[in-house]
Amino acid sequence: MTDPSPAVAAAIEGELRLLDPVVRSSAELLATMLHPDFREIGTSGRLWDRDSIIAELTAPDPDAPRPGPLTASRMCGEQLAGDLVHLTFDTETRGLRSHRSSLWRLTESGWRLYFHQATPFTDDPFA
């Protein structure tokens, strides 16, 4: 197996940072990592934009349901263009497993998450 390109390595590093509860709870950190045109299709099928996902993840309501810690596996990526990386990986949190796909775009301020989709699964046909 070869080492990932510097672009893929940067996207993987960014994705792993986004899984960190400290980053996920900070509007300032999230804002630096999410592209201004960020969009997400969540595990529920809900559509999110940058502002709505930051608000949801950093909601001050202590009674709001919070996602548990996320563990990632099988993360790999491919550089599709000089400024675009596609990552795929799986996560598990509180027994919920999801296949995930992310697009990272290079901007003047570095690599930022442009698009993310999570699809829940129960049986992994590739295991």
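None of the values given here were measured: they were computed from a predicted structure. (Residues numbered from 1 in each chain as written. Predicted model: local features only at pLDDT ≥ 70, side-chain atom pairs only at ≥ 80, totals over all residues. Heavy atoms only, no water.)

A. Spatial organisation of the overall build of the protein chain. Along its length, the protein chain carries four helices and six strands. Element order for the protein chain, N to C, with α for helix and β for strand: α-α-α-β-β-α-β-β-β-β. Considering the protein chain as a whole, with its 127 residues, one finds that 34% of them fall into the buried category. Pairs at least 24 residues apart make up 44% of the contacts formed inside the protein chain by residues separated by at least 6 positions. For the protein chain, the exposed area adds up to about 7700 Å²; of that, 56% sits on carbon and sulfur atoms. (Helix = DSSP H or I, 4+ residues; strand = E, 2+ residues; numbered from the N terminus. Buried < 20%, exposed > 50% of the residue type's maximum accessible area, 1.4 Å probe, protein only. Contact = heavy atoms within 4.5 Å. Areas by Shrake-Rupley, 256 points an atom, 1.4 Å probe, with all protein chains shown as cover.)

B. Spatial organisation of the confidence of the model for the protein chain. When pLDDT is averaged along the protein chain, the result is 90, and 89% of the positions lie at 70 or above. Per-element confidence in the protein chain ranges from a low mean pLDDT of 90 for helix α2 (residues 21-24) to a high of 98 for strand β1 (residues 34-41). (pLDDT = per-residue confidence, 0-100.)

C. Focus on helix α4 (residues 50-57). Those residues of α4 not exposed but buried are R50, I53, I54 and L57. The buried residues of α4 occupy one face: seen down the axis, they fall within an arc of 100°. The secondary structure elements touched by the buried residues of α4 are α2, α3 (27-33), β1, β2 (47-49) and β6 (110-121). For α4, the side-chain oxygen to backbone nitrogen distance between the N-cap and D51 is 3.3 Å, and the N-cap itself is D49. (Arc of directions from axis to C-beta. Polar contact = N/O pair within 3.5 Å; in protein donor to acceptor, adjacent residues only side chain to side chain.)

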